[in-house]
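What follows is the residue order along each chain.
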Amino acid sequence: MARLYEFQSKKLLKEGGIRVPEGEVACSPDEVRQITQRIGKPVVLKIQVWLTGRAGLGGIQFAETSEEAENKASKIFGTKVKNFVIDKILIEEKLKIKSEYFAGLVIDDSKKSPLLIFSSVGGTGIEEIARSHPESVSRASIDVLTGLKDYEARNLIRRTKISGKLLLQLSDVLTKFYNVARQYDARSAEMNPLVLTEDNLVYAADCHLTIDDYAVFRHPELGIEVAREFDRPPTWLEKIAYQVEEKDHRGTFYFFQMAEEVSKKDKFIGFHGAGGGGSMMSMDAVLNRGFKLANYCDTSGNPSASKVYRASKIILSQPNIRGYFASGSGVASQEQYHSARGMVKAFHEEKLSIPGIIRLGGNFEEKAIEILGTYLKDIPAKVEGYGRDDSPEFCAQRLEELIKENQPAYHEVKPVVDPALPKNCYFFETMTGKLSIDHNKCPDCRTKGCIEACKAEILKLEDGKPVLSVSQEEAKKGKCTECLACEIFCTFHEQDAIFIHLPIPGLREYREEIVKKSKE
Amino acid sequence: MSVLVNEKSRVVVQGITGREGTVRTRLMKDYNTRVVAGVTPGKGGGKVHGVPVFDSVVEAWENVGQIDISVIFVPAFLVKNAALEAIDAGVKLLVLVPDRVPIFDVLEIIRLAQDKEARFVGPNTLGLVSPGKAVLGMIGGRAERAKEWFCPGDIGVSSRSGGMTSAISYYLTEEGLGQSTIIHVGGDAILGLSHPEIMELFEQDDETRMVVMFGEIGTTQEERVADLIETGKFTKPLIAFIGGKAAKSGTRFSHAGAIIEGSRGSYESKVKRLKEVGVHVADSVSDIPKIAKKLKNSNYSRDR
């Protein structure tokens with residue numbers, strides 16, 4: 001679930017007709033002063049983070065004057081609150097609050113419908129209040145086809161013993177609130193507190209929306225960079241990974257970093273799972289061996305070999321990991337040789353020197369394990385392939401044994417190097433990259449095995465040289481499945497004439513930074 | 001017997017000309033699933049692995065006759081329309097394979113399915129298989145594998161993880177324990193048929209004598225299964241495993257979620273509730289076949 005900051009959420013509420021305090025977000029003490037001057041009243045300073053209980057963390061402060069606001073803000077900017085470095089503060093007029101309420105929307109999995117909750121008591125500790133004063137809380141399931149009707153909203157509020165003009169004010173806010181949440185595909189939404197001021201106006205004093213990851217594509221205006229659930233802003237590497245997922249819809253690729261810093265003191269490994277359930281089981285196995293995970297990664301749902309390749313390259317952009325552990329459910333329905341080829345290409349390019357345990361049980365696992373065994377013999381690291389009858393526990397144990405023997409012990413991140421391709425190469429574009437064939441080398445090839453290796457059957461021989469048998473457009477549209485089989489065959493059995501360039505935007509800059517840091 | 005699908009079920013594949021649609025049609029055909037038609041708007045008239053392709057579900061129905069099940073392989077953002085088309089045409093069971101279907105789309109499909117008394121598995125499901133009879137979706141990947149991994153028997157399998165659906169069933173097969181129907185209910189929070197509904201189906205199925213359930217942290221599905229057992233609506237022996245013990249308990253999504261679910265949804269809550277009502281909770285997946293074997297040897301006694 002992609003979370004929105006308070007200031008973003010409030011903007012959407014305002015557009016939806018709900019009253020919010022006058023305010024603006026500031027990125028520097030200077031801006032804080034200017035905004036406070038514009039508001040011309042006492043203000044509240046609210047740090048913009050995805051945390052609850054900000055007041056207790058010193059993240060909510062009040063100021064009477066613009067100087068005081070600027071002063072206080074300058075002490076907040078740049079500080080660290082849990083996982084957040086404070087770079088945004090919302091400056092708002094301070095409300096004169098008479099009473100506080102709570103309104104929230106969730107998707108209820110048991111009723112399979114949106115559920116609206118209203119409480120006549122709001123503010124901090126709402127869960128506790130709901131438990132000790134159940135009569136102050138009411139809830140209503142909403143028919144997603146008709147939305148929240150105004151009388152439903154009135155009934156919901158009436159059950160908490162609110163009546164009269166306030167009943168009408170609040171029910172109006174609730175119907176608008178549901179409409180905003182629905183319009184933006186909110187997975188959850190809440191206003192806490194929703195307040196009544198001394199001049200009898202209802203304001204959303206605080207608000208949080210989280211947008212359904214799967215619907216983020218409908219709302220480009222929200223500018224969500226990474227549609228994933230995070231309790232902190234996404235890291236640089238996570239953003240790079242997310243771009244890969246965005247541009248290739250074949251299968252799923254999920255990546256997040258689990259350690260702030262991968263130190264040499266702990267036993268960190270790169271983790272590459274496949275499928276949620278199998279990944280969790282595999283994670284348990286390595287964690288039980290005392291390993292720590294630098295990252296969590298999942299490539300599943302029948303990903304292309306190119307996607308798995310990119311996932312491996314991203315995992316191997318983390319310095320100081322001591323091993324590479326890939327393991328899924330063990331009985332995967334997807335063709336496992338795609339994953340094997342993706343890893344072979346990545347491990348070769350990286351000249352991998354830390355041990356890898358690759359558990360690729362499932363469809364065509366024999367072929368997948370054979371690919372790993374055949375093509376990873378001459379890299380510095382020891383990589384072993386396993387199948388469905390080898391348990392994650394056994395595989396974790398093997399990794400531990402290999403790591404003990406291994407020297408050098410830590411993975412070193414190398415700069416991204418583009419291949420030097422000869423001039424006048426034959427090439428065509430693929431869905432996410434570019435395939436080149438150095439035809440000068442083809443006369444020495446005896447087997448022409450690339451033609452047979454291409455299961456998509458898009459290569460044919462012309463004067464003894466492989467060329468496309470479909471149009472360039474068709475190849476780019478997906479006829480070339482980026483299965484990497486032709487490249488791997490040519491590299492290891494023939495003339496090393498075929499190369500598939502699969503760029504990862506942003507990785508070059510990222511690795512430059514990592515390399516620079518490691519030299520410091 | 002089996003649940004939801006058998007060798008007689010007449011199946012249409014929506015999105016049959018796409019990458020997955022084409023490949024998995026072959027899996028289903030090779031497994032002897034009765035795939036009677038495919039649908040891709042604009043591509044009617046052709047054939048995929050011998051299956052005639054039509055422009056719409058209604059057109060398919062008019063040409064090939066009754067359709068019982070639609071398996072949907074279209075891009076996520078088109079799933080709602082495809083599902084509504086099938087429901088409107090009168091199809092009573094859908095299998096929504098795609099991942100990343102927006103949650104409000106799923107809620108709308110649920111509402112319309114209720115109106116027309118249709119049901120669906122998924123979204124984000126590998127599918128289901130009644131061993132020896134028929135397979136729907138992509139479970140097993142290829143027919144030879146599906147035949148090798150799953151064998152007919154009397155254990156129902158319901159799982160929230162696709163890979164683990166196959167893994168558990170394969171490990172049961174290895175122990176000589178066959179399955180009645182194997183269902184991946186889907187990985188999302190909101191599902192057409194979730195664990196409790198599947199348990200009710202298995203309860204009605206004479207052939208199913210025991211059930212294995214793979215649960216995960218999050219949602220209230222497993223707790224609701226415990227409720228069913230407590231109220232006598234599910235009476236067969238149940239073996240459960242809950243994944244996600246090691247996952248760090250994340251920050252709550254919202255206060256509202258906490259008010260509604262309380263402590264439900266956590267690993268501890270699920271295990272406690274299931275044990276309370278006498279479910280055999282396995283500590284590790286590899287224990288499942290052992291427990292199943294023991295239960296079978298005691299002739300599925302309900303003595304827990």
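Computed from a prediction, not measured in an experiment: that's the story for all the values here.

Engineer: What exactly am I supposed to notice about the layout of surface pockets here?
Structural biologist: A water-sized probe rolled over the atoms picks out the places where empty space is left. Residue and element names in this part refer to chain A. In this structure, the second largest pocket occupies an estimated 990 Å³ of space. Together, 43 residues line the second largest pocket, and K345, E349, V417, P419 and F499 are the ones closest to its centre. Secondary structure elements with two or more residues in the lining of the second largest pocket: helix 9 (305–315), helix 10 (336–350), helix 15 (485–493), strand 25 (498–501) and helix 16 (507–519). Across the lining of the second largest pocket, the residue classes tally to 23 nonpolar, 5 polar and 15 charged. Two domains share the lining of the second largest pocket, each providing at least three of its residues, namely domain 3 (236–405) and domain 4 (426–501).

Engineer: Would you take a moment to explain the nonpolar core for this structure?
Structural biologist: The tendency in soluble globular proteins is for nonpolar side chains to be buried as a group. The biggest cluster of nonpolar side chains holds 78 residues, and the ones touching the most others in it are L4, V71, L172, I183, L238 and I288 of chain B. Two domains each put at least three residues into this core: domain 1 (8–125) and domain 2 (151–304) of chain B. Apart from residues no more than four positions distant in its own chain, V71 of chain B is found in contact with V11, V12, V13, Q14, M28, V95, V97, L136 and G137 of chain B. L12, I157 and V216 of chain A together with L107 of chain B belong to the second largest nonpolar core, which has 77 residues in total.

Engineer: Explain the domain arrangement of chain A to me, please; I cannot follow it from the model alone.
Structural biologist: Bring the parts together and some accessible area is lost; that lost area is often taken as the interface size. The domain architecture assigned to chain A consists of domain 1 (22–93), domain 2 (97–222), domain 3 (236–405) and domain 4 (426–501). Distance between the C-alpha centres of domain 1 of chain A and domain 3 of chain A: 43 Å.

Engineer: For this particular structure, what's the right way to read the side chain of E222 of chain B?
Structural biologist: When you line up the elements, E222 of chain B lands in helix 8 (residues 221–230). Excluding residues within four positions of it along the chain, E222 of chain B makes contact with R160, H195, M213, G215, E216, I242, K270 and L274 of chain B.

Engineer: Please clarify how the pattern of salt bridges should be interpreted in this entry.
Structural biologist: Where side chains of opposite charge bring their charged atoms close, a pairing between them can arise. Under the defined criterion, the tally for this structure stands at 62 salt bridges over all chains. For E276 of chain B, the salt bridge is made with K272 of chain B, and the minimal N-O distance between the two is 3.3 Å. Residue E276 of chain B and its partner K272 of chain B are located together in helix 10 (residues 267–276), separated by 4 residues, close to a single helical turn. Of the residues examined, E276 of chain B reaches a relative accessible area of 46% and is grouped as partly exposed. What you see here is one network of salt bridges that share partners, running through E6, K10, K46, R54, E92 and D206 of chain A.

Engineer: How do you make sense of the interface of chain B and chain A when you look at a structure like this?
Structural biologist: On the side of chain A, 66 residues touch chain B, which itself brings 62 residues to the contact. Roughly 5200 Å² of surface becomes buried between chain B and chain A when both sides are summed, with 58% attributable to carbon and sulfur atoms. Inspection of the region where chain B meets chain A yields 8 salt bridges. Between R111 of chain B and D143 of chain A there is a salt bridge; the shortest N-O distance is 2.9 Å. Linking chain B with chain A are 22 residue pairs in polar contact (both at pLDDT 80 or more), by the criterion used here. Per-element accounting of the side of chain B that touches chain A gives the leading share, 8 residues, to helix 4 (residues 103–115) of chain B. Residues of the side of chain B that touches chain A, tallied by class, amount to 28 nonpolar, 16 polar and 18 charged.

Engineer: Is there a simple way to explain the side chain of T219 of chain B in this structure?
Structural biologist: Inspection of the secondary structure puts T219 of chain B in the loop between strand 12 (210–216) and helix 8. Classification of T219 of chain B as buried rests on a relative accessible area of 10%. At 3.4 Å, the side chain of T219 of chain B forms a polar contact with the side chain of R160 of chain B. A distance of 3.4 Å separates a polar atom in the side chain of T219 of chain B from the backbone nitrogen of Q221 of chain B. Ignoring anything within four residues of it in the chain, the contact list for T219 of chain B reads D109 of chain A together with R160, A189, G265 and K270 of chain B.

Engineer: What should I look at first to understand a nonpolar patch on the surface in this one?
Structural biologist: Side chains of F217 of chain A together with F77 and L78 of chain B sit close together on the surface and give an oily, nonpolar patch of about 310 Å² of accessible area. Mapping F217 of chain A onto the fold places it in the loop between strand 13 (207–211) and helix 7 (236–247). Residue class for F217 of chain A comes out partly exposed when judged on its relative accessible area of 47%.

Engineer: In this structure, what is going on with the domain arrangement of chain B? I would like to understand it.
Structural biologist: All names here are of chain B. On domain assignment, one finds that chain B holds domain 1 (8–125) and domain 2 (151–304). Computed from C-alpha atoms alone, the centre-to-centre distance between domain 1 and domain 2 is 27 Å. Opposite the 12 residues of domain 1 that make contact, domain 2 presents 11 residues. Around 900 Å² of area is buried between domain 1 and domain 2 when both sides are counted, 59% of it from carbon and sulfur atoms. Between domain 1 and domain 2 we count 0 salt bridges in total. Mapped onto the side of domain 1 that touches domain 2, the elements with two or more residues apiece are helix 4 and strand 7 (119–121). Considering each element in turn, the side of domain 1 that touches domain 2 owes the most residues, 4 residues, to helix 4. Looking at the side of domain 1 that touches domain 2 residue by residue, the classes come out as 7 nonpolar, 3 polar and 2 charged.

Engineer: Just checking my understanding: could you explain the packing of aromatic side chains for this structure?
Structural biologist: The description of an aromatic ring pair rests on the distance of the ring centres and on the angle between the ring planes. All names here are of chain A. Overall, the coordinates contain 19 aromatic pairs over all chains when judged by the stated rule. Taken together, the aromatic side chains of Y254, F256, F271, Y296 and F325 make up a single cluster linked through ring pairs. Taking the ring centre of Y309 as reference, the NZ or CZ of K345 above it sits at 5.2 Å.

Conventions used here
- Residues numbered from 1 in each chain as written.
- Chains lettered and ligands numbered in written order.
- Predicted model: local features only at pLDDT ≥ 70, side-chain atom pairs only at ≥ 80, totals over all residues.
- Heavy atoms only, no water.
- 1 Å grid on protein atoms, 1.4 Å probe; cavity = no way out; pocket = protein on both sides within 12 Å on 5 of 7 lines; lining within 4 Å.
- Points joined across faces, edges and corners; volume = space filled by probe spheres on them.
- Helix = DSSP H or I, 4+ residues; strand = E, 2+ residues; numbered from the N terminus.
- Nonpolar A, V, L, I, M, F, W, Y, C, P; charged D, E, K, R; others polar.
- Domains from an automatic or database assignment.
- Core = buried A, V, L, I, M, F, W, Y, C linked by side-chain atoms within 4.5 Å.
- Buried < 20%, exposed > 50% of the residue type's maximum accessible area, 1.4 Å probe, protein only.
- Contact = heavy atoms within 4.5 Å.
- Salt bridge = Lys/Arg side-chain N within 4 Å of Asp/Glu carboxyl O.
- Buried area = accessible area lost by both parts, 1.4 Å probe.
- Polar contact = N/O pair within 3.5 Å; in protein donor to acceptor, adjacent residues only side chain to side chain.
- Patch = residues over 30% accessible without salt bridge, like charges linked within 9 Å, V, L, I, M, F, W, Y side chains within 5 Å.
- Areas by Shrake-Rupley, 256 points an atom, 1.4 Å probe, with all protein chains shown as cover.
- Phe/Tyr/Trp six-rings, centres within 6.5 Å; stacked < 30°, edge-to-face > 60°.
- Lys NZ or Arg CZ within 6 Å of the ring centre and 35° of its normal.

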